Structure formats: C-alpha cells, structure tokens
Amino acid sequence: MMVELRRAQEMLLERTNRMIETEFISLWDAVNRVLAEDIYAGHDQPPFPRSPLDGYALQSSDIKGASKEHPVTLTVIDEVDAGYVSRACVEEGTAVRIMTGAPIPDGADCIVGQEDTDYGEETVEIYEEIQAYENYCYAGEDYKAGTKILEKDTLLGHVEAGILASLGVEEVRVYRRPRVSVLTTGDETILPGEPLGPGKIYDSNLYTLATRLTFLGIDVIQRDHVDDDSGAAVKWIKANAEESDIIITTGGVSVGRKDIMHEVTERLGCEQIFWKILIKPGMPTLCAQYRETLLICLSGNPFGAAVNLELLVRPVLAKQTGRKDLELKRVSAVAENGFPKRSGVTRYVRAYYEDGRVRIPEGSNASGILSSMRGCNCLMEIPAGTVSVGKGDRVWVVLL
Ligand code: AMP
Ligand code: MG
C-alpha cells in the first residue's frame, strides 16, 4: 500500500506507545535522558549565607561615612577561607577577613571588597560605605529546601546534571531509552576494516544510522550486516526482535532481483504497515510489525536512508520517549538558490538553514551521494507538482 508521508508517520505513531519502564542511573549517564520522578531540594542552596567577594565581613553600622579620605579602622578578629567556618562573632568595631564562598560569620551583615580597604591583617582601614546586606549571598538564594527543582518528564542536559549534583544527587530515576537495532543488507557492502573487492563498496549506512541514533540519545543495541540472503536476514531479525523496540534495516526494499526484504517480512509472518511512501528519496520504504517490534526497512541509498531515519523514525522515538526535541520541526525560509528539477512527489533536499534563509549545497544531491550532506542541518521540502524552486521563493524546511 502506497501512502503519503503524513499518513506513513501516523500509521507508525498509531502503533507507538510512550515508554513507562524506568531505571535508576548514574548522573554521569543522565544527559539526554527523561526524568521519571519529581526532584525536590533536600537542602538550601547555598546551604549558608556566603560571601560573594574576597574582603571583610563587618557591621554596616560601623562604616557609615567611610571614604578614602576618612577611613574607618576595624580590628580583624579572624580570617576564613571557602570551605571553613569562622567561630568568631563580628561585633561593633571588628571585622573578619573572608574569601569568596566562605560562610559569613555571625554578627556581620555585609562584605566590603578588599579593593576598598588597605588589605590590613591586624586592623583594616575601610574606604567605602555600604548598606546592610550588600555583597551578601543569602542561604537558599539559588533554591530553598523542599522546593520542586525538576519536574518529572524533564529532558536532562548539562545544566540539569549540574543542578542535581548541587543537590548532592548521584543517581536519578529516568525512563528507559528505546532500544533500536540496525541491520544493513547487501551483497555489495563490506564493513570497514575488510579489504574492498571488485564490485564492492563499504557499508556507510550502518555508521550513519547507528551513530545518528546514538547522538539522539537512543540505545543502539545491535548493529550488523548481512548479505542479500533472506534466510540470514530472517534469522537475524528473529534473534534480535525480542530485545528491540525498533529494528531498522537498509537495502533490498525495491523491486530488483535481490530485493529480499519483501520475502523476509513474509517469512517472518509480519503484518505489513505500508510499502512505498510518496516522497523522494526513500520511496520504496517498507514498514511492518513483527510481534512487538516495529520493522522499518529503508532504502539502501545513503541519503535516502538518512532522510527516512529523520522523517519516519524520529517521530516514533519522540513519542516513545516523550521528548519534544525529537519531534520534527518545520520552519518557513527563503531559498537562497533554486532547485530546477521537477518534483512529481514531495521531495526532500539536503540544505543549510540559517536566519530564515535556506541554501542547497554545491555538488550532486542524488540519493546515493553522502558527501554533500556534510554541514547540512535541514531538509528543504519541495511539494509534489513543483516545477522548480526559484531563488527567493518561500519554502518549508525540516530542521535536523
Ligand atoms: P538497495 O536499496 O539495496 O537497492 O540499494 C540502493 C543503493 O544503495 C545501491 O547503490 C547500494 O549499493 C547502496 N547501498 C545499499 N546498502 C548500502 C550501505 N549499507 N551503505 C552504503 N550504500 C549502500
Ligand atoms: Mg540492494
């Protein structure tokens, strides 16, 4: 059954559920993971009032009218570095030498920066008047004990990792990631590391797809290659389906003599979801359900495989994880250069988007060409029936 892209996406999403299983993981592994619990602050941050400066903790009432010409002299009764606590109590006429991050001693209500003093050790001359609670960081200024700091379903990044660490949290409960296996097929493809024989090419899809998924924060559990041998593909899929939420294959979905994936899905007894999408590249894409696993069989063309990973698989991963950042974003842009070819079906062309403008790179953009995809950050969407895109035309762009 041949479908429009939108329908193909819907059909896959109809079979997709949000993941509910959770796991407890180290904060070190938490980036790109989705929090499965609310996080409350167990203590004030900072836990004590602290000095924002290197200077002197004192009573503001002592330094009324102080200036370079009329300094006020105070007795230095203690000194305190960050990480230590002064037992001294600042009283009238006294000061404690204090470093940035150190707890403000009892009795003091402000910190005078050392630049506004004579840096005295026994006694200190203060050259500036400041008000009570100036240069004073309150306990709980960042957040108070008991505050909900992070909501369940938050996507964790480096800032959240820092916040959790500042709470003393080492491990967090997150949703498990989708488990995806990637299988490339083709008699002609050889894995890097092996010698390249006549008629052979190296397998790039396995790397493009698996590394892209890893980059997106997905758990790639298997990656492998088989020849155009339906028996081998059937065996591999059977062996890996139970563990995999999604199996992505490339190659063998068209109508050539060695296009084995039709036979593979039949032999597996899969329910076919669709075969062929009205887009270019990736028209022959075949999707099927094998037991609990979605089987997404992409065209072997490197650009076609890469594009359809974005257009078909990403929305599924977004729904499984609840991650909004994985949803496809479309923006409108002005074409900086034209695309002269007629597009019978909706066409996706590699391009570079910046500040409302989109540019197609120099060189071939045929679906077998990967190199000109370097540096591209979007796909220009050219609607079915477009005769050509002209410079200055307004187009839709799918951001990658
Ligand atoms: P297919 O989808 O099997 O008809 O392959 C389409 C084109 O993509 C052919 O030129 C293949 O040689 C090429 N191709 C297939 N699989 C890969 C792969 N894993 N890496 C790079 N190119 C591939
Ligand atoms: Mg092939």
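Cut-offs and rules
Residues numbered from 1 in each chain as written. Chains lettered and ligands numbered in written order. Predicted model: local features only at pLDDT ≥ 70, side-chain atom pairs only at ≥ 80, totals over all residues. Heavy atoms only, no water. Domains from an automatic or database assignment. Contact = heavy atoms within 4.5 Å. Buried area = accessible area lost by both parts, 1.4 Å probe. Salt bridge = Lys/Arg side-chain N within 4 Å of Asp/Glu carboxyl O. Polar contact = N/O pair within 3.5 Å; in protein donor to acceptor, adjacent residues only side chain to side chain. Helix = DSSP H or I, 4+ residues; strand = E, 2+ residues; numbered from the N terminus. Buried < 20%, exposed > 50% of the residue type's maximum accessible area, 1.4 Å probe, protein only. Phe/Tyr/Trp six-rings, centres within 6.5 Å; stacked < 30°, edge-to-face > 60°. Lys NZ or Arg CZ within 6 Å of the ring centre and 35° of its normal.

Draft legend 1. Main features of the domain arrangement of the chain. Here the chain is described as being made up of domain 1 (5-19 + 177-326), domain 2 (23-45 + 146-175), domain 3 (55-126) and domain 4 (329-399). The distance between the C-alpha centroids of domain 1 and domain 2 comes to 33 Å. Tallying the contact residues gives 9 residues for domain 1 and 7 residues for domain 2. Between domain 1 and domain 2, roughly 600 Å² of surface is buried when both sides are summed, and carbon and sulfur atoms account for 48% of that area. At the surface where domain 1 touches domain 2, the tally comes to 1 salt bridge. Here D153 makes a salt bridge to R18, at a shortest N to O gap of 3.1 Å. At the boundary of domain 1 and domain 2, one finds 2 residue pairs in polar contact (both at pLDDT 80 or more).

Draft legend 2. Structural detail: the pattern of salt bridges. Here the structure, examined in full by the defined rule, presents 18 salt bridges. Its salt-bridge partner being R176, residue D245 comes within 2.9 Å of it at the nearest N-O pair. Taken as a pair, D245 in the loop between α4 (230-241) and β14 (246-250) and R176 in the loop between β9 (171-175) and β10 (179-185) lie far apart in primary sequence, 69 residues in all. Neither D245 nor R176 differs from the other in exposure class; each is buried. If you follow the salt bridges from partner to partner, you end up with R7, E10 and E14 in one network.

Draft legend 3. Quick peek at the side chain of Q45. Secondary-structure assignment places Q45 in the loop between β2 (39-40) and β3 (55-58). Assessed through its relative accessible area of 14%, Q45 is described here as buried. Among all residues touching Q45, those that are not within four sequence positions of it are R50, G140, E141, D142, Y143 and S166.

Draft legend 4. The packing of aromatic side chains, seen in detail. Enumeration over the complete set of coordinates arrives at 3 aromatic pairs. Judged by centre distance (5.8 Å) and plane angle (20 degrees), the ring pair of Y133 and Y138 falls under stacked. An aromatic cluster is built from Y133, Y136 and Y138, whose rings are joined through pairwise contacts. Here the basic side chain of K276 rests over the ring of W275, its NZ or CZ set 4.7 Å away from the ring centre. Above the face of the F303 ring, R350 is positioned so that its terminal group lies 3.9 Å from the ring centre.

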